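# Fold and geometry: a report
In case you want the letters, here they are:
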Amino acid sequence: MLEQTDKNYIIQTYARNYTNFTHGSNATLFDDQEKSYIDFTSGIGVVSVGHAHPEMVKTISEQAAKILHISNLYVIEPQAKLGEALSLHYGKPVKTFFANSGAEANEGAIKIARKYGEMQGQVNGLPKKYKIITLAHSFHGRTISALKATGQPSMHNYFGPFPDGFTYADNIESVEEQIDDHTVAVMIELVQGEGGVEALNKAKVQALATMLKNRGILLIVDEVQTGVYRSGAFTASQAYGIEPDVITLAKGLGGGVPIGAIMTPLDVLKTGDHGSTFGGNYLVTQTGLTVLDILDKEQKSGALKERAAYFQEKMQTLFEAHKDLFTASVGVGLIRGLRVKDAETLAKIIPAAHEKGVLVLKAGRNTLRFLPPLTITKEEVDLGFARLEDAIRSL
Ligand SMILES: *Cc1c(COP(=O)(O)O)cnc(C)c1O
């Protein structure tokens, strides 16, 4: 029934599973038959504090009883406070623009770079700089510019013509070769999520950041997936010891409500340059504040670090036990992956895991990807890996 309604009325852009999930608690989900599943996906890195966290329930219901939305033509108290909180967490004086998604945050970052290029040209009497270099295997979103910025040509089929000014480097070492007089920015993920949980080398990232600073080129770091403690640190940029000119956030920041953020120390966008009807409303920013409160406690008590270490240990055990299937263990913090020997095997593991009651993701480079809630308990980790082990044995 539900499956048929979906097929009749929803544009079928996803290869969907038709399990009807009805409720959850932390990293455990239940379907309409009361079957339980351990959620190693967080809804693709979104439900950072788990399902139905009591503080989230309280915040969202209390906020709904007051104000959900007033336009950005008026000051929004939780928005200002969340902007302040982001700057405090990041530890640098940055300002934020709130959007509604990752792609939209990246669109805003691209606009900042383009206007910065215009302003530089006016100061130096040189032609406008506008080109942005991104990496092969990157993922920056589905809107037209963010899609063009995405270094996966197969995703560009059908949707051209695209805006000009995007070029791609095969890897971080070859970024410099791509730079020309029109280059205004380089945009990277520090751990490529969709591209296969590929963590860039720290020394190489630092060298890139220094080179870009010396050449007056902006560094934009897309932390839509890695941000808000997913990597262990508040931002992966802090863990990498770099200070990008723009950082974008989205997925984990709202814990399930749609939010995107562009953080920057640059003073580029002025009144009228950018906007969003929904961006940063009472609901999403008050919820974002609660997400940060919950995760701060986890971080300060050391629980976050412990959970990540425990998850990694269990994943490593699975890896060691199945070297016939897995070729590498990758990732940092609670963005982790196991490289599978081929695409067919990966395609079998995911439904088998579902059958046994554990949700896992795939990513590029034949990667079995794990993005559990950052609040996942030891018991949930144990149960999830036991079910995954069962699933693998059943192949
Ligand atoms: C998911 C993701 C995006 C796109 O976010 P949406 O909210 O789906 O628009 C962009 N960049 C990265 C690194 C992502 O992981």
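Residues numbered from 1 in each chain as written. Predicted model: local features only at pLDDT ≥ 70, side-chain atom pairs only at ≥ 80, totals over all residues. Heavy atoms only, no water.

### Regarding the overall build of the protein
- Helix and strand content of the protein: 13 helices and 17 strands.
- Computed over the C-alpha atoms, the radius of gyration of the protein is 21 Å, within 12% of the 21 Å expected from 2.2 N^0.38 for a compact globule of 395 residues.
- With respect to the principal axes defined by its C-alpha atoms, the protein has extents near 65 × 50 × 50 Å.
- The proportion of buried residues among the 395 residues of the protein is 53%. (Helix = DSSP H or I, 4+ residues; strand = E, 2+ residues; numbered from the N terminus. Rg over C-alpha atoms; globule rule 2.2 N^0.38 Å. Buried < 20%, exposed > 50% of the residue type's maximum accessible area, 1.4 Å probe, protein only.)

### Brief notes about the environment of S394
- Within the element layout of this structure, S394 appears in the segment after α13 (378-393).
- In contact with S394, other than residues within four places in its own chain, are A352 and K356. (Contact = heavy atoms within 4.5 Å.)

### Here we look at the nonpolar core
- Of all hydrophobic cores here, the largest spans 54 residues; its most connected members are F40, L86, F326, L368, F370, F385 and L388.
- For this core, the leading source of residues is helix α11 (residues 303-321), giving seven residues.
- What F385 contacts, discounting residues up to four positions off in sequence, is F40, F311, K314, M315, L318 and F370.
- Grouped together as the second largest cluster of nonpolar side chains are 27 residues, L219, Y240, V330 and L361 included. (Core = buried A, V, L, I, M, F, W, Y, C linked by side-chain atoms within 4.5 Å.)

### Looking at the site of the ligand
- Residues in close proximity to the ligand include S101, G102, A103, N106, F139, H140, G141, E189, D222, V224, Q225 and K251, which together make up its full environment.
- One of the backbone N or O atoms of F139 is found 3.2 Å from a nitrogen atom in the ligand.
- A total of 380 Å² of accessible area belongs to the ligand in isolation, and the protein chains cover 81% of it.
- Class assignment of the residues belonging to the shell around the ligand gives a composition of three nonpolar, six polar and three charged. (Near = heavy atom within 4 Å. Polar contact = N/O pair within 3.5 Å; in protein donor to acceptor, adjacent residues only side chain to side chain. Areas by Shrake-Rupley, 256 points an atom, 1.4 Å probe, with all protein chains shown as cover. Nonpolar A, V, L, I, M, F, W, Y, C, P; charged D, E, K, R; others polar.)

### Some remarks on the sheet that holds strand β11 (residues 246-249)
- One open sheet holds the seven strands; their spatial order is β4-β12-β11-β10-β7-β5-β6, and the pairing between them is mixed. Unpaired on one side and paired on the other, β4 (95-99) and β6 (166-169) mark the two borders of the sheet. When strand polarity is set aside, the average angle formed by the axes of neighbouring strands in this sheet is 20 degrees.
- As defined by bridge partners, strand β5 (residues 131-135) adjoins β6 across four bridges and the pair is classed as parallel. Bridge assignment links L135 to a residue of β6, and that residue is A169.
- Contacting β4, β11 and β12 (260-264), helix α4 (residues 77-90) runs over the sheet at an angle of about 125 degrees to β4. (Pairing = 2+ DSSP bridges. Axes fitted to C-alpha atoms, helices over the stretch in contact; angles between N-to-C directions.)

### Description of the pairing of strand β14 (residues 335-340)
- Within β14, six of the six residues are buried, which leaves it mostly tucked inside the rest of the structure.
- Burial of the side chains of β14 extends over both faces: I335, G337 and R339 are buried on one face and R336, L338 and V340 on the other.
- Judged from the six bridges that link them, strand β13 (residues 326-332) and β14 form a sheet pairing that is antiparallel. Following the sheet pairing, V332 is matched in β14 by I335.
- Taking the residues between adjacent antiparallel strands as the criterion, β13 and β14 are bridged by two residues, where G333 takes a positive phi near 50 degrees.
- Across four bridges, β14 lies against strand β17 (residues 367-370) in antiparallel orientation. Its bridge partner being in β17, G337 is matched across the sheet by R369.

### Regarding the layout of surface pockets
- What the second largest pocket holds in volume is close to 850 Å³.
- At the level of secondary structure, the elements contributing two or more residues to the lining of the second largest pocket comprise α4, β4 and β12.
- If one sorts the elements of the lining of the second largest pocket by residue count, β4 sits on top with four residues.
- Taken together, the residues that form the lining of the second largest pocket break down as 15 nonpolar, ten polar and four charged. (1 Å grid on protein atoms, 1.4 Å probe; cavity = no way out; pocket = protein on both sides within 12 Å on 5 of 7 lines; lining within 4 Å. Points joined across faces, edges and corners; volume = space filled by probe spheres on them.)

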